[in-house]
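Inside the fold
For reference, the chains in residue letters:
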Amino acid sequence: MLAPVAQLGSTLVTLAIVIASALALVFGGRVARWWGGMREAGRRVLAEDALKHIHNAGLRGNPATPDSLAGALGLSPHRTVNLIARLEAGGWLKSSAEGLSLTSEGSQWAVQVIRAHRLWERYLVDEARMPLERVHAEAERREHHRTADAVDALEASLGFPRIDPHGDPIPTARGELAELRALAITEWPEKTPGRIVHLEDEPPAIFARIAAARLVPGQTLVVEESTPERLVISVEGRTLVLPPIAGANVFVTPVEAPERRALPTPLTTLGVGQSAKVRGLDESLRGYTRRRLLDLGLTPGAVIKAEMAGIFADPVAYRVRGSLIALRREQARHVLIDPVAHGKASDG
Amino acid sequence: MTDGRSNQAAAQLVLARADALRGNLADDFRDDLVEATYDEAQAIAERAVRQVRAPRWNLDLAVDRLVTSRIFGLPLMLVLLAAVFWLTVAGANYPSALLMKVLFAVEAWGSALFESWSIPWWITGFIWHGVFRAVAWVVGVMLPPMAIFFPCFTILEDLGYLPRVAFNMDWLFRKAGAHGKQSLTMSMGFGCNAAGIIACRVIDSPRERLIAILTNNFVPCNGRFPTLILLASIFVAARFSPGLASFAAAGTVVGVVLIGVFFTLIVSAALSRTVLKGEASAFTLELPPYRRPDILRVLYTSLIDRTVFVLARAVAVAAPAGAVIWILGNVTADGVPLARHVADFFDPLGRTIGLDGVILLAYVIAIPANEIVVPTMLMVYMGGKIMTEDVTGTSLESLLVDDNGWTMLTAVNLMLFSLLHNPCATTILTMWKETRSYRWTALGALLPLVIAFAVTFTVAEFARLFGAG
């Protein structure tokens, strides 16, 4: 028994040596470069994670320290000191008695990493249809591996989204945060309800005035009177007067008019042989699938008819605008239709 | 020059303006665009198209209800698939034999001509018995079945039947994280895995398309079927009474195919949950109306696009393989051909997975084209100098069993290895052309190889545990 095993071992070793030397001959230079690249990439990941930590700590108002950095990255004190020294030498950060802070180059870099992260989250949710709770970890890995051009290309392919799936704004290529699409209440038409989406917290004196009026995001308000001298608004049953300089820092968006029609139901409720009118696609369906379904003619008002079900009732083939398309249950869930009267099987 | 520069400046201005305006767009302006287009189209259609009273009985719909029905859908599909296979096997038999006869006659004539010009024997052997013979073998085995299989398939495609198959089979693939259309690319893989991989273009979702490309190799292609059929008839059918023998052989081949489908689904599921989970994905399947196939177009797509294309690549890779085989069979060291030395070297590894060194050697040489596995194996077993399937002086069974120690385990593991091992060079090249990624190509080539070794090793160990083999 021993002899064949020894023989097998020697065969495998010989094979491995032959293959390895052949590969080294052909790809030697490339392997060395790849190895060097991996080391370089590892340093980049570490540097970017450090900058991101310092950036976020700064936003929260308590500056990062070498200790918090070591804790966030899981590094030994010795390696943390080396990392800080390297970044400081590169002109990315400054350390002082209060802690670590980023130079303007350093914050620009951090914002670019955040931009890549939020764009990847958008991609993973919209295009790869990954569950929301899993995208952060995957984006955390992917944010480091792209050049600025590739991130721009990703942004363009996603159609320049403004917010990530968690609702955080995505910085633009120049590092600016997208302008919030909301109007200050000084520009808001009178007697129209609006929802507060953003309160500007700079300068502090004016923000104090807004806070004293007990305004918070999410409230619905109506501007009763708007003149250059004063604003009269009613919010939650209270009527208050604000100076326009404070009103200019309160941003609102329109409140959707309450739906008068019956609530839509998902396409999955449509029985074979029944037809209904499409109300629209729900908001959680995004990316390629949404574009594809729209292109196939599933637009509001189109008449859709369930023609036949697959062998295990999934997928179902639907007739829309004269063509027959099959949708899985998981997708039909996102198509909203007018409610169907039960038992009514119309053959249209 | 100045004109170009001012144009460029103007373009920069336009881009900057577009960037500035982008912020004013509503988030769902794309929805609005499509809706407006459709509304406009509908308004035009209502003005210009007069709707004739809808016929009471719609043929398309009736056919659709039949081919996707719970009772008839799957049986009908299996009958059609079996019919295509039967047509291919039965129809290719005679042309294949004839083609090989003609090509080998050309080989004999060519080498005789060279000899008459007193060209050294090794040049004659290298060119005619090495390179030409390998190319002839691949063409002879491959061309006739492909020339029948692909047109049949294209007709079904043109009719509009294939999308219905994808519709019927989607439940199975949905569970594996794949697309129902993968059933079509798999069926195409029976003809040739390279053609199957090209056919993956019909899957428009990137993740599902990659899954289909990477797992296509698990359906045995035309080049591997002869090996399976040969083994099934020698080792399985021979154990049954003559009346049942052909059924036993066919059943074995079907069984091997089902094992391949099983591995396709398992590997698809594993891929979609691991390395491919971050790739973009979306399911859409259109069921176009039935049409009468356009025969000229069918012939063109199936013969030019598929058959000739695949054949040309196969010939390009078979020629160097022929050269290597000839050198291995004809160059001797210590009075023994090189092939024997290499086979002895591979032998311990081969024995560990229930095969032997000669079989592994044949598979290494046959990386360019699986058609030449059996001829190469027989050449080495018989100590011959050229590839052959003519076993002289004895029966094929006694050559394998009595002279070279084959057992049932060898046969079973060879069938499994043939089913699961790495794709041929043409297929690997096609994977690269379709994905343009070294990473996916390497995965597609190595994953099956690892699986093949793991499965055959496990089977061999179990067989030994229970005293067989």
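We now turn to the structure provided with this report. A quick note: this is a predicted structure, and the numbers were derived from the prediction, not measured.

1. A closer look at the pairing of strand S1 (residues 93-96) of chain A
Residues and elements named next belong to chain A. As defined by bridge partners, S1 adjoins strand S2 (residues 99-102) across four bridges and the pair is classed as antiparallel. By the bridge assignment for S2, Lys-94 is matched with Ser-101. Counting the residues that bridge the hairpin from S1 to S2 gives two residues.

2. Side note on the nonpolar core
Inside soluble globular proteins, nonpolar side chains tend to come together where they are buried. Of all hydrophobic cores here, the largest spans 109 residues; its most connected members are Met377(B) and Trp406(B). Residue contributions to this core peak at 11 residues, all from helix H5 (residues 121-159) of chain B. What Trp406(B) contacts, discounting residues up to four positions off in sequence, is Leu231(B), Phe235(B), Asp356(B), Ile359(B), Met377(B), Tyr381(B), Leu400(B), Val401(B) and Leu414(B). By size, the runner-up hydrophobic cluster in this structure holds 22 residues, among which are Leu293(A), Leu296(A), Ile337(A) and Val34(B).

3. Some thoughts on the interface of chain A and chain B
Taken residue by residue, the interface counts 49 residues in chain A and 45 residues in chain B. For the pair chain A and chain B, the summed buried surface comes to about 4400 Å²; carbon and sulfur atoms form 55% of the total. The largest per-residue losses of area from chain A upon contact with chain B belong to Met308(A), Ile311(A) and Arg328(A), which jointly make up 17% of the total buried on that side. Summed over the shared surface of chain A and chain B, the result is seven salt bridges.

4. As for a nonpolar patch on the surface
Residues and elements named next belong to chain B. On the surface, Ile-155, Leu-159, Ile-295, Leu-299, Tyr-300, Leu-303, Ile-304 and Val-308 cluster together into a nonpolar patch covering about 660 Å² of accessible area. Of all the secondary structure elements, the ones that give two or more residues to the nonpolar patch are H5 and helix H12 (295-330). Considering every element that reaches the nonpolar patch, the biggest residue donor is H12, with six residues. By the element assignment, Leu-159 lies in helix H5. The class for Leu-159 is partly exposed, based on a relative accessible area of 31%.

Calculation criteria
- Residues numbered from 1 in each chain as written.
- Chains lettered and ligands numbered in written order.
- Predicted model: local features only at pLDDT ≥ 70, side-chain atom pairs only at ≥ 80, totals over all residues.
- Heavy atoms only, no water.
- Pairing = 2+ DSSP bridges.
- Helix = DSSP H or I, 4+ residues; strand = E, 2+ residues; numbered from the N terminus.
- Core = buried A, V, L, I, M, F, W, Y, C linked by side-chain atoms within 4.5 Å.
- Buried < 20%, exposed > 50% of the residue type's maximum accessible area, 1.4 Å probe, protein only.
- Contact = heavy atoms within 4.5 Å.
- Buried area = accessible area lost by both parts, 1.4 Å probe.
- Salt bridge = Lys/Arg side-chain N within 4 Å of Asp/Glu carboxyl O.
- Patch = residues over 30% accessible without salt bridge, like charges linked within 9 Å, V, L, I, M, F, W, Y side chains within 5 Å.
- Areas by Shrake-Rupley, 256 points an atom, 1.4 Å probe, with all protein chains shown as cover.

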